[in-house]
Amino acid sequence: MHRLLIADDHPLYRLALTQAVRGVLPDAVIAEAEDMPGVHAALAAAPDTDLVLLDLHMPGSHGLMGLASLRAEHPGVAVAMISAHEDPVTIRRALAYGAAGYLTKRADLSELQAGLRAVLACEEWLPPALREPVARAAADPGDRETAARLASLSPQQFKVLARVAEGRLNKQIADELGIQERTVKAHMSAIFEKLGVRNRTQAGVLLGSLALADPAREA
């Protein structure tokens, strides 16, 4: 039996995605989340989840940072991005950071279901109309290198890095994660080495480079 998590802050779109999933997997177990803390809580409760359908600009996701956190902390769970925005460069970046596919919110039911079938079959999915523009979009070699470096972090190291990027101090990180401060320091040393950075500021900037502005909120 397949288990999916639909992560989007719009209830009506979550309902539409649920209906699309039911058309492909009538017996699937479907959970929902409306923000990134909810996503992490749902995956902690059901680590055997097969697929997350993640809204690119869901609250707390900060663009590709949400994707990177899921790939680091739950590497066995596939993540497909969902967005109303179809910028080819953004899509290329999402694939570089480990997205299994990219679904657009203007897709009709048949296209959504085709994308779901492909991703569940471990095939990369892009909407047909976007495949050529994405192929033409210039890939940033820096994204591939950053993705590889982030992928080298352990789940706990990524949790520490995410809190460093938010400006937390070692003691605060230790308290939040329930570990000793010296363990945080050890993680920081490993993070610096794996990311090829020298200090906390550089580490935070590297992770922050994954953030994307939401065009809908800027309009």
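As the structure is a computational prediction, the values presented were derived from the model and not from experiment.

## Examining the UniProt feature "domain: HTH luxR-type" (unreviewed entry) in the protein chain
Inference 1: The UniProt record marks residues 146-211 with the feature "domain: HTH luxR-type" (unreviewed entry), using the residue numbering of this structure.
Inference 2: Helix makes up 74% of residues 146-211 and strand 0%. Its end C-alpha atoms lie 13 Å apart.

## Side note on the packing of helix H9 (residues 170-177) against helix H10 (residues 181-195)
Inference 1: Remark: H9 packs on H10, axes separated minimally by 8 Å, with the N-to-C direction vectors making an angle of 110°. It follows that H9 is roughly perpendicular to H10 by the angle criterion. Across from Asn170, Lys171, Ile173 and Ala174 in H9, the residues of H10 making contact are Glu181, Val184, Lys185 and Met188.
Inference 2: Of the residues belonging to the contact of H9 with H10, the class tally is four nonpolar, one polar and three charged.

## Digging into the pairing of strand E3 (residues 51-55)
Inference 1: E3 sits mainly inside the fold: five of its five residues count as buried.
Inference 2: A two-sided burial pattern is seen for E3, the buried positions comprising Leu51, Leu53 and Asp55 on one face and Val52 and Leu54 on the other.
Inference 3: Judged from the four bridges that link them, strand E1 (residues 3-7) and E3 form a sheet pairing that is parallel. When the sheet's bridge partners are listed, alanine 7 is paired in E3 with leucine 54.
Inference 4: Both E3 and strand E4 (residues 78-83) contribute to a ladder of five bridges, which runs parallel. Looking at E4, one finds that leucine 51 is bridged to alanine 78.

## Section: the environment of isoleucine 179
Inference 1: Structurally, the position occupied by isoleucine 179 is in the loop between H9 and H10.
Inference 2: Residue classification places isoleucine 179 among the partly exposed residues on the basis of a relative accessible area of 22%.
Inference 3: Dropping the residues within four chain positions of it, isoleucine 179 is found in contact with Gln156, Ala174, Val184 and His187.

## A word on the UniProt feature "modified residue: 4-aspartylphosphate" (unreviewed entry) in the protein chain
Inference 1: This chain's UniProt record puts "modified residue: 4-aspartylphosphate" (unreviewed entry) on Asp55.
Inference 2: Mapped onto the secondary structure, aspartate 55 falls in strand E3.
Inference 3: If we ignore the near neighbours within four places in the chain, the residues touching aspartate 55 are Ala7, Asp8, Asp9, Ser61, Ile82 and Lys105.

## Section: the packing of helix H8 (residues 155-165) against helix H11 (residues 200-208)
Inference 1: Running from amino to carboxyl end, H8 crosses H11 at an angle of 100°, the nearest separation of the two axes being 8 Å. Accordingly, the angle class assigned to the pair H8 and H11 is roughly perpendicular. Here H8 contributes Phe158, Leu161, Ala162, Val164 and Ala165 to the contact with H11, which in turn contributes Arg200, Ala203, Gly204 and Leu207.
Inference 2: Tallied by class, residues from the contact of H8 with H11 come to seven nonpolar, one polar and one charged.

## Here we look at the side chain of asparagine 170
Inference 1: Along the polypeptide, asparagine 170 turns up in helix H9.
Inference 2: Residues within four places of asparagine 170 in sequence aside, it is in contact with Glu181, Val184, Lys185, Met188 and Arg200.

Analysis parameters
- Residues numbered from 1 in each chain as written.
- Predicted model: local features only at pLDDT ≥ 70, side-chain atom pairs only at ≥ 80, totals over all residues.
- Heavy atoms only, no water.
- UniProt positions renumbered as here; feature names shortened; annotations may be inferred.
- Helix = DSSP H or I, 4+ residues; strand = E, 2+ residues; numbered from the N terminus.
- Axes fitted to C-alpha atoms, helices over the stretch in contact; angles between N-to-C directions.
- Parallel < 35°, antiparallel > 145°, perpendicular 65-115°, else oblique.
- Contact = heavy atoms within 4.5 Å.
- Nonpolar A, V, L, I, M, F, W, Y, C, P; charged D, E, K, R; others polar.
- Buried < 20%, exposed > 50% of the residue type's maximum accessible area, 1.4 Å probe, protein only.
- Pairing = 2+ DSSP bridges.

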